[in-house]
Amino acid sequence: MRVVSRLAIETLLRRLGWLGPEIRQALASVADKMPRYVEIGGCKFTLYYFLPHVLAWSRHLAHLRGKANVAALEIGSMEGASACWLLQNILTHSSCNLTCIDTFTLSGQSNALDIYEPGNLGAMRDLFEDNIRRVGRQQSVTIIAEPSQIALRRLPLSLYDFIYIDGSHMAIHVLQDAVLAWQSLKPGGVLTFDDFEWGEDEGLGRLCRPKPAIEAFLDIFSGRYELLDKGAQVTVLKICE
Ligand SMILES: C[S@@+](CC[C@H](N)C(=O)[O-])C[C@H]1O[C@@H](n2cnc3c(N)ncnc32)[C@H](O)[C@@H]1O
């Protein structure tokens, strides 16, 4: 809560240019007393959204935990919350690998709390890489810093045991990510979409949200997967191509 309060104050200070110098100084000194990062599993994050997913992921990925040579792919890594959890809890064998695709630009997201501005986006990638170092697994991680809709076309077919789609939240991008990622997922592999319900409360237009894309995917690929979960996240097990 204290990290989020600091972010909220910093966001207000950036957005409310008309605030007088005394109020600015008072707010800034309150923010300064609050921590900038939340520390989880030895890593540092400015925002940690991953906690609510831990139970479901532990269940859906239990068969991969501790196994050798597991290959995972993540679209959207940001500061590395989901990546670090995977490395510390599922991809624990040193032969496992995780490919992370991220533009590190925060495009296609809500800007409710604009943690990063165009001038300091490099800090997000630095924090991601620092967190991967903190879990001691740089050798297991491949970073592809480009739009997933392009990068996915070059990835091998039927390779990954797990794919997580949490990049751009625009429906057009989520649909492309889903169709392209499906080809790279092994039969028997698990595919998870984040933020099925995201954006409704913010009043974002239908096509600025993941839901229509995820629903279209579930409809068109029906019969080829088993539905494991449909709530804040959607998870399917691939049965066949
Ligand atoms: C919600 S965040 C990912 C959060 C992360 N999975 C976690 O658990 O902390 C979404 C990320 O997707 C990235 N992104 C946005 N559009 C993208 C695109 N077209 N291709 C790849 N990454 C993208 C953003 O830079 C951002 O870091």
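It should be emphasised that the depicted structure is a prediction, and the values quoted were computed from it without experimental measurement.

The rules behind each value
Residues numbered from 1 in each chain as written. Predicted model: local features only at pLDDT ≥ 70, side-chain atom pairs only at ≥ 80, totals over all residues. Near = placed C-beta within 6 Å. Helix = DSSP H or I, 4+ residues; strand = E, 2+ residues; numbered from the N terminus. Nonpolar A, V, L, I, M, F, W, Y, C, P; charged D, E, K, R; others polar. Core = buried A, V, L, I, M, F, W, Y, C linked by C-beta atoms within 7 Å. Buried ≥ 20, exposed ≤ 12 C-beta atoms within 10 Å, placed from the backbone. Contact = placed C-beta atoms within 7 Å. Pairing = 2+ DSSP bridges. Right-handed = clockwise from strand over helix to strand, strands pointing away. Axes fitted to C-alpha atoms, helices over the stretch in contact; angles between N-to-C directions. Left-handed = near helix turned anticlockwise from the far one by under 90°. Expected span 1.5 Å × (residues − 1). Parallel < 35°, antiparallel > 145°, perpendicular 65-115°, else oblique.

K.L.:
I would appreciate a short explanation of the site of the ligand in the present structure.
P.N.:
Lining the immediate surroundings of the ligand are 25 residues, of which G76, M78, A81, S82 and S168 lie closest. Listing elements by their share of the shell around the ligand, those giving two or more residues are helix 4 (81-89) and helix 6 (148-151). Of the residues belonging to the shell around the ligand, the class tally is 9 nonpolar, 13 polar and 3 charged.

K.L.:
Explain the nonpolar core to me, please; I cannot follow it from the model alone.
P.N.:
Across soluble globular proteins, nonpolar side chains show a tendency to be buried alongside one another. Core analysis: the biggest nonpolar cluster contains 53 residues, and A72, I163 and A181 have the highest contact counts within it. No other element matches helix 7 (residues 171-184), which puts 7 residues into this core. In this structure, A181 is in contact with I75, L152, I163, I165 and L191, ignoring residues within four places of it in sequence.

K.L.:
Can you walk me through the pairing of strand 7 (residues 185-193) in this structure?
P.N.:
If a strand is regular, its side chains alternate between the two faces of the sheet. Across 5 bridges, the pairing between strand 6 (residues 160-165) and strand 7 is parallel. Following the sheet pairing, I163 is matched in strand 7 by L191. With helix 7 bridging strand 6 and the parallel strand 7, this β-α-β connection has right-handed handedness. In terms of strand pairing, strand 7 meets strand 9 (residues 234-238) through 4 bridges, oriented antiparallel.

K.L.:
Teacher, can you tell me more about the packing of helix 7 against helix 8 (residues 211-220) here?
P.N.:
The axes of two packed helices give the description: the angle between them and the distance between them. Running from N to C, helix 7 and helix 8 cross one another at 30°; their axes reach a closest spacing of 7 Å. Relative to helix 8, the crossing made by helix 7 is right-handed. Two secondary-structure elements touch here, helix 7 through A171, V174, L175 and A178 and helix 8 through P212, A213, I214, A216 and F217.

K.L.:
When you look at helix 7 in this model, what are you seeing that I'm missing?
P.N.:
What sets the pattern is the α-helix's 3.6 residues per turn: residues three or four places apart point alike. Helix length check: helix 7 (14 residues) gives 20 Å between terminal C-alpha atoms against 20 Å at 1.5 Å per residue, within 8%. Burial of helix 7 is extensive: 11 of the 14 residues sit out of reach of the surface. Within helix 7 the residues assigned to the buried category are A171, H173, V174, L175, Q176, D177, A178, L180, A181, W182 and S184. Those residues of helix 7 that are buried are in contact with strand 3 (71-75), helix 6, strand 6, strand 7 and helix 8.

K.L.:
Honestly, the environment of L180 in this entry has me stumped. Any pointers?
P.N.:
Within the element layout of this structure, L180 appears in helix 7. When the C-alpha positions of L180 and S148 are compared, they lie 9.2 Å apart, and in sequence the two are 32 residues distant.

K.L.:
So what exactly am I meant to see when it comes to helix 4 here?
P.N.:
Where burial is concerned, most of helix 4 is hidden: 7 out of the 9 residues are buried. The complete set of buried residues in helix 4 reads A81, S82, A83, C84, W85, L86 and L87. Tucked into the core, helix 4 has its buried residues touching strand 2 (43-45), helix 3 (54-60), strand 3, strand 4 (97-101), helix 5 (122-134) and strand 6.

K.L.:
What is the right way to read the packing of helix 1 (residues 2-15) against helix 2 (residues 21-32) from this model?
P.N.:
At a minimum axis distance of 9 Å, the contact between helix 1 and helix 2 shows a crossing angle of 155°. Judged on the interaxial angle alone, helix 2 and helix 1 are roughly antiparallel. Seen from above, helix 1 lies across helix 2 with left-handed handedness. Contact residues: R6, I9, E10, L12 and L13 in helix 1; R24, L27, A28, V30 and A31 in helix 2. Residue composition of the contact of helix 1 with helix 2, by class: 7 nonpolar, no polar and 3 charged.

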